[in-house]
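Here is what each chain is made of, one letter per residue.
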Amino acid sequence: MNPPAIAITNLAFRWRSADAFCLELANATVNAGKSLFLHGPSGSGKSTLLNLIGGVLLPTHGSVSLLGQALGELSASRRDAFRADHLGFVFQQFNLIPYLSVLDNVLLPCRFSTRRASRVGQPEAEARRLLAGLDLDPTLLGRPAAELSVGQQQRVAAARALIGQPEILIADEPTSALDAERQAVFVELLLSEAKRAGSAVVFVSHDLRLATHFDQSLALNA
Amino acid sequence: MLMIRTLLLSILLVLSSPALAEDYRVGERLTQRKATPAPNYREIEWDDLIPKDWDPMAAFKGLNMSRLKDSDPKAIEALEKMKAAWAEAPVEPSLDGKRVKLAGFVVPLERKGDAVLELLLVPYFGACIHTPPPPANQIVHVVLKKPAEGLKTMSAFWVSGTLSLQRGDSSMGIYGYRMTGEQLDPYPLPKGMK
Amino acid sequence: MKPLLHIALKSAWNRRLTLGLTLLAISLAVTLLLSVERIREAARDGFAQSVSGTDLIVGARSSPLQMVLYAVFHVGEASNNVDWKSYQAIAADPAVAWSVPLALGDSHRGFPVLGTTPAYFEHYRYGDRQPLGFTAGQPFSGLFDAVLGAEVATKLGYKLGERITLSHGSGQLPGQAHADKPFTVVGILAPTGTPVDRTVHVSLAAIEAIHLDWQGGAPIPGVAIPADVVSKFDLQPKTITAFMLGLHQRSGVFRLQRKIADYRTEPLLAVLPGVALDQLWQTVGVVEKTLLGISWLVFAVGLAGLAAVMLASLNERRRELAVLRSVGAGPRHILFLLMLESLLVTLLGVLLSLAVVTSAAWLGGPWLAAQFGLSTLPLALSLGELRLLAGIFAAALLVSLWPAWRAYRLSLADGLIPRL
């Protein structure tokens, strides 16, 4: 039995200078290939949680284990490498490096992780495949990322997060900047591609309407 | 802010290259202090270059100065004789071939880029400009074995090498001192000078 | 590190307008620094090696520097001449081993003409006591014979047997040519890298001959003495410009120098070439240090500008840095990325300067040599210049740490999601 993709136990985080905990999460588990919808109002510690899962921050109490590896046991640079190898991120906006081309942006994770690069085989071909799967116009590949519309940028971000089949995909309000008709389409595209790769997905959003797309749902308290 | 300050400081340090001018006065001689003992060289002083039996004041012997009138030709003649003797100053033959170490002020003669190949060593500061030139037995013509860097006119150095006597004018047979400069050490500035 | 280089390049290119301005400032400063260093070294080498084995240079009393400049470098003019009798008297001193008289004042197509005796070719030394050598011909023997320095022959395309005319003074005013008395080239000297290369050498008697029918710097109107009858006149020079002395014993130089200074008949000055050049060097050294100081300041300004541009851009780059962190970059990588960007700009600035300095040396070197008697500027980098470049990069590295460190701290604090 494989360890769960994400295993969170008794998690609590507090900034050193603060008195109160800004995040408390008792338990959360996401298995490979499953998706989790995380919702909560602003101030409920969503950014902190994402930083903890990403290995950028270490918890004050409790632990975060990804793929059976407790992040607290790794040094900072090992955590960075772990993140490069196993995680993909999509943010709400400004996902892309504006002066790199669309293709370069998608290929970024392969530059930082040889493991992901080796899984891909032919990086450029894979990038094209992903973008096509996400319904992006292929002529945009060589353009600087800054020239794309928000919707197009989000899809490029998704392709970047998915290239090299990372085991975990984290999406932080990726649809909030999109208009309503496109939101559902985007979520579907993202989840189908993630399922193809067998990745576990954590999707953070304040929009409860989207929760139906996901296997699990969890609320963060303020 | 700290970065800019550090940068400026480092630049200032680089720029203030050590152009330490010796603050000697014209005619000043080097105080005889013991150098770091060099095993192969005998440390000598400028007086050692003058033969013991030479007395430039010989012309004045027998003259009772208080008895002479003003502008007495005998006195003038004695002075001229003394000056001539000073000009023909003989060398000390026993120093020929000896390995010695002598401190003095340098006058570079030949250069190769920044490095000096040949120089004259004199006993006092400003010897080439303001004061009467030293007599022949108080100047050493040094030919360096290896070109030496960092020598400026009238800088002070210990020069170590082998002394030899050199024939000068063909007619008058004046000798002079010559040295192969095997080692050059800067003469340390006394405390209180820049 | 390789992915960072690619990103750094693209990032710097993206902000090429602002970075380009700091690049220009840095490039300007480095050009200044390199130029000063290169000219200083060329001048130092050129000056030092121009005269060797000469104990004293004697001329009319003037500034020692001025005398060395015209006697050795044939640049500038003597304020006064030396009487031939004085020259003979001093040359006869028992301490003197050899003497060479020098007469300056004429030119040939911009190159100075030196009147001297054949002893010049025997006693003149340069560099490390190198004697003069001939690539063709021999020293002058006939009255109107001329020996050319290597550069004169090359520049003007002269060969042995060529007929040339001399001009009075610098030859720039019309009617100053000694057209009626042409000279024949009988010798061409090997290149020396000293002012000898740029000089036309003739005999003292010839200088007298061409000025026989001249007075006060111009031909006497109505008087013309043709070339074939000049030998009937007394061609012993009355005055010369200066003379060089070599002694039997180098340590006797001060005595003779003092003697010449005390010479009653005429106000004369004798200088030790080495000492005079040292003095020249001290003066030049002050100018050079000032120039270097200013150049370093300009460089500091350029670096400060670079740091300012990098710092100013940091705020808007926080999201971009967060994206990089999300794909696996650590704060360390962010630090290196920013340092790389700064160093890339500096490197480009340095390369640009090198290109400018090298082409300037190639184009302007010959002109500088003609104007100041320097040997032509080297095109390759010297050790001193390499050290300078090392210092430049070290300074750039230090300064680049500042915005890089700030980005490091920001990235640590921001993590994946900057709070903006």
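Values in this document were obtained by computation on a predicted structure and should not be read as measured data. (Residues numbered from 1 in each chain as written. Chains lettered and ligands numbered in written order. Predicted model: local features only at pLDDT ≥ 70, side-chain atom pairs only at ≥ 80, totals over all residues.)

S.K.: Looking at this model, I keep getting lost on the overall build of chain A. Mind explaining?
M.R.: For chain A, the helix and strand inventory stands at seven helices and nine strands. Since a compact globule built from 222 residues should have a radius of gyration of about 17 Å, the 17 Å found for chain A is in line with a globular shape. Considering only C-alpha atoms, chain A reaches an extent of 50 × 40 × 35 Å along its principal axes. Residue pairs in contact within chain A that sit at least 24 positions apart in sequence constitute 74% of those at least 6 positions apart. (Helix = DSSP H or I, 4+ residues; strand = E, 2+ residues; numbered from the N terminus. Rg over C-alpha atoms; globule rule 2.2 N^0.38 Å. Contact = placed C-beta atoms within 7 Å.)

S.K.: I would appreciate a short explanation of the overall build of chain B in the present structure.
M.R.: The helix and strand tally for chain B stands at two helices and six strands. Each helix and strand of chain B, ordered N terminal to C terminal, gives the series α-β-α-β-β-β-β-β. With 194 residues in all, chain B has 30% of them scored as buried. In chain B, 67% of the contacts between residues at least 6 apart in sequence involve partners at least 24 apart. (Buried ≥ 20, exposed ≤ 12 C-beta atoms within 10 Å, placed from the backbone.)

S.K.: When you look at the interface of chain C and chain A in this model, what are you seeing that I'm missing?
M.R.: The figure often quoted for interface size is the accessible area lost as the parts come together. In this complex, chain C contributes 17 residues to the contact, which on the side of chain A involves 24 residues. Of the residues assigned to the side of chain C that touches chain A, the class counts are six nonpolar, six polar and five charged. (Nonpolar A, V, L, I, M, F, W, Y, C, P; charged D, E, K, R; others polar.)

S.K.: Help me understand the sheet that holds strand 3 (residues 35-39) of chain A, please; the structure alone is not making it clear to me.
M.R.: Sheets are built from strands that pair by backbone hydrogen bonding, the pairs being arranged parallel or antiparallel. Residues and elements named next belong to chain A. In spatial order, the strands read 6-7-8-3-9; together these five strands make up an open sheet with parallel pairing. At either end of the open sheet lies a strand with only one pairing partner, and these are strand 6 (87-90) and strand 9 (216-219). Neighbour-to-neighbour, the strand axes of this sheet turn through a mean angle of 15 degrees, independent of strand direction. Where strand 3 and strand 9 come together, four bridges link them in parallel fashion. (Pairing = 2+ DSSP bridges. Axes fitted to C-alpha atoms, helices over the stretch in contact; angles between N-to-C directions.)

S.K.: What am I meant to see in the pairing of strand 16 (residues 242-247) of chain C here?
M.R.: Along a regular strand, successive side chains alternate from one face of the sheet to the other. Residues and elements named next belong to chain C. Buried residues dominate strand 16, accounting for five of its six residues. When strand 1 (residues 56-60) meets strand 16, the two strands line up antiparallel, connected through four bridges. Residue pairing for strand 16: Leu56 is matched across the bridge by Leu245. Relative to strand 16, strand 3 (residues 96-108) is paired through six bridges, and the arrangement is antiparallel. Each residue of the ladder has a partner; that of Trp98, found in strand 16, is Gly246.

S.K.: Explanation requested: the packing of helix 2 (residues 16-48) of chain C against helix 12 (residues 383-414) of chain C in the structure shown.
M.R.: How two helices sit against one another is set out by the angle between their axes and by the gap between those axes. All names here are of chain C. Where helix 2 contacts helix 12, the axes come no closer than 10 Å and their chain directions differ by 160 degrees. In terms of their interaxial angle, helix 2 and helix 12 are classed as roughly antiparallel. Crossing angle aside, the handedness with which helix 2 passes helix 12 is right-handed. When helix 2 is examined against helix 12, the residues Val30, Leu33, Leu34, Glu37, Arg38 and Glu41 are found in contact with a partner set consisting of Gly384, Glu385, Leu388 and Ile392. By residue class, the composition of the contact of helix 2 with helix 12 is five nonpolar, one polar and four charged. (Parallel < 35°, antiparallel > 145°, perpendicular 65-115°, else oblique. Left-handed = near helix turned anticlockwise from the far one by under 90°.)

S.K.: Honestly, the sheet that holds strand 2 (residues 23-30) of chain A in this entry has me stumped. Any pointers?
M.R.: All names here are of chain A. The strand order across the open sheet formed by four strands is 2-1-4-5, and the pairing between neighbours is antiparallel. Strands at the two margins of the open sheet, each flanked by one partner only, are strand 2 and strand 5 (69-70). Contacts from helix 1 (residues 46-53) reach strand 1 (6-13), strand 2 and strand 4 (61-66), with the element oriented near 130 degrees to strand 1.

S.K.: Got a minute to help me understand unusual backbone geometry in this structure?
M.R.: Phi is mostly negative for residues that are not glycine, and the peptide bonds are mostly trans. Even without being a glycine, Phe94(A) presents a positive backbone phi close to 50 degrees. Summarising the element assignment, Phe94(A) is placed in the loop between strand 6 and helix 3 (102-112).

S.K.: Help me understand the environment of Ala242(C), please; the structure alone is not making it clear to me.
M.R.: Residues and elements named next belong to chain C. Its location among the elements puts Ala242 in strand 16. Judged by local crowding, Ala242 falls into the buried class, with 27 C-beta atoms found within 10 Å. Counting along the chain gives 141 residues from Ala242 to Pro101, while the straight-line C-alpha distance between them is 6.2 Å. With sequence-adjacent residues up to four places away left out, Ala242 is seen in contact with Ile57, Val58, Gly59, Met67, Ala71, Ala78, Val82 and Leu102.

S.K.: Would you mind showing me how to read the environment of Leu398(C) here?
M.R.: Looking at the element boundaries, Leu398(C) is found in helix 12. C-alpha of Leu398(C) to C-alpha of Met339(C): the two residues are 59 residues apart in sequence and 9.3 Å apart in space.

S.K.: Even after reading the chapter, I still don't get the packing of helix 3 of chain A against helix 5 (residues 123-133) of chain A, so can you show me in this structure?
M.R.: Residues and elements named next belong to chain A. Taken N-terminus to C-terminus, the directions of helix 3 and helix 5 make an angle of 115 degrees; their axes are 10 Å apart at the nearest point. Both helix 3 and helix 5 take part in a crossing whose hand is right-handed. Of the residues in helix 5, those touching helix 3 at Leu103, Val106, Leu107 and Cys110 are Pro123, Glu124, Ala127, Leu130 and Leu131.

S.K.: I would appreciate a short explanation of helix 10 (residues 318-326) of chain C in the present structure.
M.R.: Residues spaced three or four apart along an α-helix face the same direction, because each turn holds 3.6 residues. Residue and element names in this part refer to chain C. Along helix 10, seven of the nine residues are buried, which leaves the element largely enclosed by surrounding structure. For helix 10, the full list of buried residues reads Arg319, Leu321, Ala322, Val323, Leu324, Arg325 and Ser326. Positive phi shows up at Gly328, right after helix 10, with a value of about 115 degrees.

S.K.: When you look at the confidence of the model for chain B in this model, what are you seeing that I'm missing?
M.R.: For any part of a model where pLDDT is low, the fine detail of the predicted coordinates should not be relied upon. Residues and elements named next belong to chain B. Summing up the model confidence of chain B, the mean pLDDT is 74 and the portion of residues at 70 or higher is 63%. Predicted confidence in chain B is weakest over helix 1 (residues 2-15), with a mean pLDDT of 55, and strongest over strand 4 (residues 140-148), with 91. Within the model, the stretch residues 13-22 combines pLDDT values under 50 with seven contacts to residues more than four positions away or in other chains. Complex prediction metrics read pTM 0.72 and ipTM 0.90. (pLDDT = per-residue confidence, 0-100.)

S.K.: Sorry if this is basic, but what is going on with the environment of Leu314(C) here?
M.R.: All names here are of chain C. Its location among the elements puts Leu314 in helix 9 (residues 273-314). It is 8.9 Å that separates the C-alpha atoms of Leu314 and Leu410, two residues lying 96 residues apart in sequence. Among all residues touching Leu314, those that are not within four sequence positions of it are Pro403, Arg406, Ala407 and Leu410.

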